[in-house]
Amino acid sequence: FYDLLVALTARLTGIAPVELIFRFYPGLFSILLGVGTYLLSKYLFNKWYIAFASLFFVYFGGSFGYIVEWLRQKTLGGESAFWANQPVSMNLNPPFAVSLVLTIASVLVFFLFSKRKNFATGIVLVILVGALIEFKVYAGLIILFSLGLVSVIKLITRRDLSYLKVFIPSLLLSLLVYLPNNSGSQNLVVFSPFWLVDSMVEFTDRVGWAKLAQAKAAYLSGGVWPKYVLAQALSLAIFIVGNLGTRIIALLALPGLIKKKLWQEDSYLFLGIVITASFVPTLLFIQKGNPWNSIQFIYYFLYFLALFAGLGVVILLKLLPRAVSMTVVVSIILATSISSFSTFRSAFQGAPSRLTNGE
């Protein structure tokens, strides 16, 4: 649908597609990302300063890949050393960029629907959720699954049919727009637990920790299960912390929200399922022919953790003495920005794929 969006805009406005693809839509998606994030954060936390902190992590959050790159080559880089691309590269993947904006819109409209279940809000939710899969299949699956699970939970616990009434039309619309254009695509998904985690440790163009990879292989072949489980747990921890970077501070915010609101408010239940559904498939599935492509599930997980990282910073500052607070804030800003800065800087050093004059 992104391609159709560009084509239709070009036809209606007369603006050249190259201008739309490289100038107009990247700018629009970036602005809408900020507006959507601010609205979402204000709804969740009800504080403007938390919303601004969330915006910082959403735009500038990055992995700890620069640490891997510095240890290996004494240069700053390594944005995708743990497999996931980061927000600075969002517009390199326009279908993802538009799907993230639409995902935020879907969550916001779900929040509205959970407060007042009227027909107009339900129709908007059905259109957003139903069409999302044809902008980006990963986002469509995450939101559809989350809406479906909420529908089942509310049907069982409260005999509430309202969510089911929007889930079924959303599912039907998704099938209507997806199946005619993507027949046979269901065969692309392969169940391969921990492939991305294992390959991150093994591949030299990622983390490439040879000793850990060899240890895991030895423990597995020798049936030394306790040591294998510990080594795999270490690999998973590296995968999570490495990809999150300083956004790991969001973990300070999640326990309290889960304890207080996850089962009390439908909106928090939905968001909790969305966050889980955007992480777990990354560990379980790969794509045939291009196995690492399934890492795109985690992009939405990184976004929502960036949202909660804003609250995490505020919680941390309240826990620390005032004299220490500014040092912590400056350290977080610097440590967060290194990854984005190194990637952004590389854009001015020549495209990563190009034809030279000689060629």
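Figured I'd write up the structure that's included with this text. (Residues numbered from 1 in each chain as written. Predicted model: local features only at pLDDT ≥ 70, side-chain atom pairs only at ≥ 80, totals over all residues. Heavy atoms only, no water.)

## Here we look at helix 9 (residues 195–202)
- Among the eight residues in helix 9, six count as buried, and that is most of the element.
- For helix 9, every residue scored as buried is listed here: Leu 196, Val 197, Asp 198, Ser 199, Met 200 and Val 201.
- Lining the buried residues of helix 9 we find helix 10 (210–222), helix 11 (225–244) and helix 14 (280–284). (Buried < 20%, exposed > 50% of the residue type's maximum accessible area, 1.4 Å probe, protein only. Helix = DSSP H or I, 4+ residues; strand = E, 2+ residues; numbered from the N terminus. Contact = heavy atoms within 4.5 Å.)

## Considering the pattern of salt bridges
- By the definition in use, this model includes four salt bridges.
- The partner of Asp 266 in a salt bridge is Lys 154, with the nearest N and O atoms 2.9 Å apart. Within this pair, whereas Asp 266 is found in helix 13 (residues 266–277), its partner Lys 154 is found in helix 7 (residues 137–158), the two being separated by 112 residues in sequence. Of the two residues examined, Asp 266 and Lys 154, each falls in the buried class. (Salt bridge = Lys/Arg side-chain N within 4 Å of Asp/Glu carboxyl O.)

## A short note on helix 13
- Between its terminal C-alpha atoms helix 13 stretches 16 Å, which fits the 16 Å expected from twelve residues at 1.5 Å a residue.
- With respect to burial, helix 13 is a largely interior element, ten of its twelve residues being buried.
- Restricting attention to buried positions, one finds in helix 13 the residues Asp 266, Ser 267, Tyr 268, Leu 269, Phe 270, Leu 271, Ile 273, Val 274, Ile 275 and Ala 277. (Expected span 1.5 Å × (residues − 1).)

## Topic: the layout of surface pockets
- The computed volume of the second largest pocket comes to approximately 750 Å³.
- Lining the second largest pocket are 30 residues; nearest its centre among them are Val 137, Leu 141, Tyr 178, Val 189 and Phe 297.
- When residues of the lining of the second largest pocket are traced back to their parent elements, those giving at least two are helix 6 (119–135), helix 7, helix 8 (162–178), helix 13 and strand 2 (285–287).
- The biggest single contributor to the lining of the second largest pocket is helix 7, with six residues.
- Of the residues assigned to the lining of the second largest pocket, the class counts are 19 nonpolar, nine polar and two charged. (1 Å grid on protein atoms, 1.4 Å probe; cavity = no way out; pocket = protein on both sides within 12 Å on 5 of 7 lines; lining within 4 Å. Points joined across faces, edges and corners; volume = space filled by probe spheres on them. Nonpolar A, V, L, I, M, F, W, Y, C, P; charged D, E, K, R; others polar.)

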